[in-house]
Amino acid sequence: VMDSDVVFYRELPKVELHAHLNGSVSAQTIEKLISRKPQLNIERSMTAIGKGQRRTLDECFEVFKVIHKLVDTEEDILMVATDVIREFAADGVKYLELRSTPREEKDTGLTKKSYIETVIKAIQQCKDEGVDIDVRFLVAIDRRNGTEVALETVNLAEEFMLSSDGLVVGVDLSGDPTVGHGRYLLPALQKAKNSGLKLSLHLSEIPSQLDETDLLLSLPPDRIGHGTFLHPDVGGSQSLVDKVVQKNIPIELCLTSNVKGKTVPCYSKHHFKYWYELGHPTVLCTDDKGVFCTDLSQEYQLAASTFGLSREAVWKLSQQAIDCIFGPESVKQQLRQKWNDLHPQVF
Ligand code: 6MZ
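Residues numbered from 1 in each chain as written. Predicted model: local features only at pLDDT ≥ 70, side-chain atom pairs only at ≥ 80, totals over all residues. Heavy atoms only, no water.

Caption draft 1: Here's a closer look at the site of the ligand. What surrounds the ligand is a group of 16 residues, the closest being H68, S100, T101, E205 and D288. Measuring from a nitrogen atom of the ligand, one finds a side-chain N or O atom of E205 at 2.8 Å. Side-chain polar atom of D288 to a nitrogen atom of the ligand: 2.8 Å apart, as the coordinates give it. A total of 510 Å² of accessible area belongs to the ligand in isolation, and the protein chains cover 99% of it. By residue number, the principal contributor to the shell around the ligand is helix 3 (residues 57–70), which donates 3 residues. For the shell around the ligand, a count of residues per class yields 4 nonpolar, 9 polar and 3 charged. (Near = heavy atom within 4 Å. Polar contact = N/O pair within 3.5 Å; in protein donor to acceptor, adjacent residues only side chain to side chain. Areas by Shrake-Rupley, 256 points an atom, 1.4 Å probe, with all protein chains shown as cover. Helix = DSSP H or I, 4+ residues; strand = E, 2+ residues; numbered from the N terminus. Nonpolar A, V, L, I, M, F, W, Y, C, P; charged D, E, K, R; others polar.)

Given below as structure tokens:
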């Protein structure tokens, strides 16, 4: 007999807006990759942070390096992306924005361009198979790589925005927050915005980035990733909060990721509470469902049990995420219709 909560959260239609492709690789897919490359001597345990385990953010970034070794051909990317999309769909996600950093691998002939083409191919393939999910792609800028690479990435994103039938909708800024500074990336981000790409930026994921956050908020971004240290109770500032509120910039919140990555001390102290109580648009997301061993149903369930949300409140939360997507108005309308059709008679 299935727990009724488990069924409710899995059947709850959901929107996932913050999912890094290579952080979202499930244990099953990792096993397939390992069997393709046994000579690397990589084990599943090196690619994930299990239940009850916590690592520093630095250690999390080491995990991504291991996964990148396993995913270095077009064939790998195609398998990883199709598996990840099917898994999100099986978890009740109806709209997904995947993000990934285009990588070049000299040894396998992978180029940044073929990287993006392959992700697009995976999205198209899932669509052709009839998987019940609308998937879009955000091209990610790794902050550690600086101005030139950021501009090159934006140029690629612009090219694909025009040629991908609307699948490439924006740009993400991510990567190790302790490395680099937003001031070097501002011109590239500005260019992306001017060309019509949407911006989702990791902001204040760690403390003491107030000047960077203030600078990047001037763009302004269309969404914020994490924003863990924005508010004054944790060393942020009221003026940053005021800007985010005035510009009504939705925040993508990833509870398990932040607890396991030790930027938040425990679930009950997660900044979800601060923003939710303000009535500010917040969207629950997984970040890296593979690395942090979670899924979006579990994240909704955790938020509800930690902060005492009723099923009705949970439904509202998932529904409001539709307003925050980067896809066009027509897609928002389709999703609203879907939510209406799936709405339970009673909670
Ligand atoms: C910042 C993160 C991240 O792009 O190779 N990434 N960036 N903060 C986080 N919090 C935990 N989690 C993942 O997926 C892996 C990459 O996503 C970014 C990092 O740049 C990481 O290398 P892709 O598909």
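Don't stop here, the text continues.
Caption draft 2: Highlighting the sheet that holds strand 1 (residues 14–20). If you walk across this open sheet you meet the 8 strands as 1-2-3-4-5-6-7-8, and the pairing is parallel. Two strands lie at the open edges of the sheet, namely strand 1 and strand 8 (282–284), each paired on one side alone. Taking the axes of each pair of neighbouring strands and ignoring which way they run, one obtains an average angle of 25° across the sheet. Strand direction decides the pairing type here: strand 3 (residues 134–142) and strand 4 (residues 168–174), joined by 6 bridges, are parallel. Bridging across to strand 4, L138 finds its partner in G170. (Pairing = 2+ DSSP bridges. Axes fitted to C-alpha atoms, helices over the stretch in contact; angles between N-to-C directions.)

Caption draft 3: Up close: the pattern of salt bridges. Applying the stated criterion to the full structure yields 27 salt bridges. Measuring nitrogen to oxygen at the nearest pair gives 2.8 Å for the salt bridge that ties R311 to D5. One end of the pair, R311, is in helix 13 (residues 311–320); the other, D5, is in helix 1 (residues 4–11), with 306 residues separating them in the sequence. On the accessibility criterion, R311 (27% relative accessible area) is partly exposed. Taking the relative accessible area as the measure of exposure, D5 reaches 29% and is therefore partly exposed. The partner of R99 in a salt bridge is D172, with the nearest N and O atoms 2.6 Å apart. Of this pair, R99 sits in strand 2 (residues 93–100) while D172 is found in strand 4, placing the two residues 73 residues apart along the sequence. Here R99 falls in the buried class, since its relative accessible area comes to 0%. For D172, a relative accessible area of 0% corresponds to the buried category. A single salt-bridge network, built from bridges that share partners, covers E97, R99, D172, R223 and E252. (Salt bridge = Lys/Arg side-chain N within 4 Å of Asp/Glu carboxyl O. Buried < 20%, exposed > 50% of the residue type's maximum accessible area, 1.4 Å probe, protein only.)

Caption draft 4: Representation of helix 5 (residues 112–129) in the model. Counted at 1.5 Å a residue, the expected span for helix 5 with its 18 residues is 26 Å, and the 26 Å between its end C-alpha atoms agrees. Of all the positions in helix 5, only K112, S114, Y115, I116, T118, V119, I120, A122, I123 and C126 are classed as buried. Tucked inside the fold, the buried residues of helix 5 contact helix 4 (74–90), strand 2, strand 3, helix 6 (146–163) and strand 4. The first or second residue beyond helix 5 is G130, which carries a positive phi of 85°. (Expected span 1.5 Å × (residues − 1). Contact = heavy atoms within 4.5 Å.)

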